[in-house]
Amino acid sequence: MQTREQFIIKQHQNSQFDHNHQRVWRVSGAETNWKMNFNILRSIFFFCGLTLAHSGANTTETNPYHPDMCNLLKDFGAMTEKVKSMETRLKETEICLKEAVTRLKDSENQILELQSKERTKIIFSATAGRGNAHIGPFNTDIIIAYKKVITNFGNAYSPVTGVFTAPLAGVYYFTIFYHGGRSYPHYLRMFKNNELTVFTADHKTESDGADNGGNAVFLQLQQGDQVYVSMAANTYVGGDDHTTFSGFLVMQT
């Protein structure tokens, strides 16, 4: 039969054994964890060594666990060439687009210029404007001033001088008509500056009571050129609205 002292001593020995056993288990567990980690690291280093050795050895054997670096580099080089080719095509396309934009702007400018020319209207028409009075005869050539202005877009015709002055270079169309009696001959001439262009005339006659005549012409004029109608000496025309002078701008040049 155990005494109280023996029981206490035995309990202390059991407690000490448990404490030592726990210390041994903790040490054993830490040692086991360290060994596992060491084995994992050793496997990783061994695997990396195999990979480097495989890369260094010039062999055609395919590694089932890693892509072939040569093939990757080749593929990367091919992709680089494709990108360069696409960049070249994009630059060429950009140049073509710039040229197309330039041509479009040129076309727009031409259209605007044509529209501007179309809006530019130079038109005039005038009659002698003297009622039943005759013009002439005179002993010298004169420039007829057609005093009654019917139309004068652009104000290029002067009813005071009878002269049309071209405000723009271009092609113009002019007409002249007259009415007269049989007592005197009729002779009207159209001049461009001092150059004779066309004329209309009729001789004196006793066989008819009145004469009518006219002519027309296209003239290419420069800015500032003058066109007018001259009546020859010793001739005459009627001063009414039968006698006219007209013209207009056909196209600019």
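The shown structure was predicted, so the numbers you read here are calculated from the model rather than taken from an experiment.

Let's talk about the pairing of strand 12 (residues 244-252)
Successive side chains on a regular strand alternate, one facing one side of the sheet and the next facing the other. In the sheet, strand 1 (residues 123-127) pairs with strand 12 via five bridges, with the strands oriented antiparallel. Its bridge partner being in strand 12, Ile 123 is matched across the sheet by Phe 248.

Observations regarding the packing of aromatic side chains
Counting across every chain of the model gives 14 aromatic pairs. Each ring, one from Tyr 146 and one from Phe 245, has its centre 5.5 Å from the other, and the planes form 45°; the classification is tilted. Placement of the pair is Tyr 146 in the loop between strand 3 (142-143) and strand 4 (148-153) and Phe 245 in strand 12, with a sequence separation of 99 residues. When its relative accessible area of 0% is taken as the criterion, Tyr 146 is described as buried.

With respect to the sheet that holds strand 12
In spatial order, the strands read 4-1-12-6-9; together these five strands make up an open sheet with antiparallel pairing. Looking at the sheet topology across the chains shown, the edges are occupied by strand 4 and strand 9 (210-221). Averaged over all pairs of adjacent strands, the angle between strand axes in this sheet comes to 10°, irrespective of strand direction.

As for the side chain of His 186
Checked against the element boundaries, His 186 lands in strand 7 (residues 186-192). We classify His 186 as buried; its relative accessible area is 1%. Residues in contact with His 186, not counting those within four places in the same chain, are Tyr 178, Gly 180, Gly 181, Thr 200, Ala 201, Asp 202, Asp 211, Thr 235 and Tyr 236.

Regarding the nonpolar core
The biggest cluster of nonpolar side chains holds 27 residues, and the ones touching the most others in it are Phe 164, Phe 174, Leu 188 and Phe 245. Going through the elements one at a time, strand 1, strand 6 (170-181), strand 7, strand 9, strand 10 (226-231) and strand 12 are the ones with two or more residues in this core. Looking at this core element by element, the count peaks at four residues for strand 6.

Quick word on unusual backbone geometry
Pro 137 follows Gly 136 through a cis peptide bond whose omega is 0°. Here Pro 137 lies in the loop between strand 2 (134-135) and strand 3. With phi around 50°, Asn 155 is a residue other than glycine that occupies positive phi space. If you trace the backbone, Asn 155 turns up in the loop between strand 4 and strand 5 (164-165). For Asn 155, a relative accessible area of 65% corresponds to the exposed category. If you check the backbone angles, Asn 193 has positive phi at about 55° while not being a glycine. For Asn 193, a relative accessible area of 30% gives the class partly exposed.

What counts and how
- Residues numbered from 1 in each chain as written.
- Predicted model: local features only at pLDDT ≥ 70, side-chain atom pairs only at ≥ 80, totals over all residues.
- Heavy atoms only, no water.
- Pairing = 2+ DSSP bridges.
- Helix = DSSP H or I, 4+ residues; strand = E, 2+ residues; numbered from the N terminus.
- Phe/Tyr/Trp six-rings, centres within 6.5 Å; stacked < 30°, edge-to-face > 60°.
- Buried < 20%, exposed > 50% of the residue type's maximum accessible area, 1.4 Å probe, protein only.
- Axes fitted to C-alpha atoms, helices over the stretch in contact; angles between N-to-C directions.
- Contact = heavy atoms within 4.5 Å.
- Core = buried A, V, L, I, M, F, W, Y, C linked by side-chain atoms within 4.5 Å.

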